[in-house]
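Close look at the chain arrangement
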Amino acid sequence: MNNEFSTFDLNIACVLVVLKYEIIDLDRTNPKKIRFIFKRQRGIEQVINDYFDDKIELPAQTLFNTQKLLKN
């Protein structure tokens, strides 16, 4: 099993960070977008499925602050 999960999707990355999933690297080889690399932890696939099914509820201020942090 792969020990990493990666995404170019800033919104998914924000959700995972807010939910305390460990971000282990940022791949900046593409100058137009960043690939966020997370440690594959228990439940990460379910969180991603819940995100796409619109089942995630998070504190808005925490989510937006995390988005600002990841953009920088």
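Anything mentioned here points back to the structure above.
Per chain, residues are indexed from 1 in the order of the written sequence. Whole-chain, interface and lining totals are the exception, using all residues; otherwise, since this is a predicted model, local features are given only for residues with pLDDT of at least 70 and side-chain atom pairs are given and counted only at 80 or more. To obtain the side-chain values, all non-hydrogen atoms of the structure were used and water was disregarded.

**What to know about the sheet that holds strand β1 (residues 4-7)**
Rules: Strand pairing requires that DSSP identify at least two bridges connecting the strands. Note on conventions: DSSP H or I runs of at least 4 residues are helices, E runs of at least 2 residues are strands, and numbering of each starts at the N terminus. In this description, a line fitted to the C-alpha atoms serves as the axis of each element, helices being fitted only across the stretch in contact, and the angle between N-to-C directions of two axes falls anywhere from 0 to 180 degrees. We call two residues in contact when some of their heavy atoms are within 4.5 Å.
Spatially, the three strands line up as an open sheet ordered β1-β3-β2, and their pairing is antiparallel. Every interior strand has two partners, whereas the edge strands, β1 and β2 (23-27), have only one. Strand-to-strand, the axes of this sheet are offset by a mean angle of 20°, without reference to chain direction. The pairing of β1 with strand β3 (residues 35-39) spans four bridges and is antiparallel. Looking across to β3, one finds that F5 is bridged to F38. Along the sheet, helix α1 (residues 10-18) makes contact with β1 and β3, crossing β3 at roughly 30°.

**Concerning the pattern of salt bridges**
Once their charged atoms are close, side chains differing in charge can pair, the charge on each being opposite to the other. Applicable threshold: Salt bridges are defined by distance alone: a side-chain nitrogen of Lys or Arg within 4 Å of a carboxyl oxygen of Asp or Glu. Accessibility here uses a 1.4 Å probe with only protein chains present; expressed as a share of the type maximum, an area under 20% marks a residue as buried, one over 50% as exposed, and anything in between as partly exposed.
Tallying each qualifying case throughout the model produces two salt bridges. With a shortest N-O distance of 3.1 Å, D27 and R35 are connected by a salt bridge. Residue R35 is classed as partly exposed on the basis of its relative accessible area, which comes to 24%. In this structure, E45 and R40 form a salt bridge, with 2.3 Å as the shortest nitrogen-oxygen distance. Among the residues examined, E45 registers a relative accessible area of 39% and is labelled partly exposed.

**Let's talk about the packing of aromatic side chains**
Aromatic ring pairs are described here by two measures, namely the spacing of the ring centres and the angle between the planes. Operational definition: Pairing of aromatic rings covers Phe, Tyr and the six-membered ring of Trp, with a centre-to-centre limit of 6.5 Å; geometry is then stacked below 30 degrees between planes, edge-to-face above 60, and tilted otherwise. A ring has a charge above it when a Lys NZ or an Arg CZ is no more than 6 Å from the ring centre and no more than 35 degrees off the ring normal.
Following the criterion strictly, the structure yields one aromatic pair and no others. Aromatic pair Y51 and F52: ring centres 5.1 Å apart, planes at 80°, arrangement edge-to-face. Residue Y51 is classed as partly exposed on the basis of its relative accessible area, which comes to 25%. Stacked on the ring of F8, the Lys or Arg K33 has its end atom at 4.8 Å from the ring centre.

**Observations concerning the nonpolar core**
Rules: Only buried residues count toward a nonpolar core. Its members are Ala, Val, Leu, Ile, Met, Phe, Trp, Tyr and Cys residues joined through side-chain atoms within 4.5 Å.
The biggest cluster of nonpolar side chains holds 14 residues, and the ones touching the most others in it are F5, L16, Y21, F36, F38, I44 and L70. Taken together, the elements giving at least two residues each to this core come down to α1, β3 and α2 (44-52). No other element matches α1, which puts six residues into this core. Ignoring any residue separated from it by four or fewer positions in sequence, one finds I44 in contact with F5, L16, Y21, F38 and K39.

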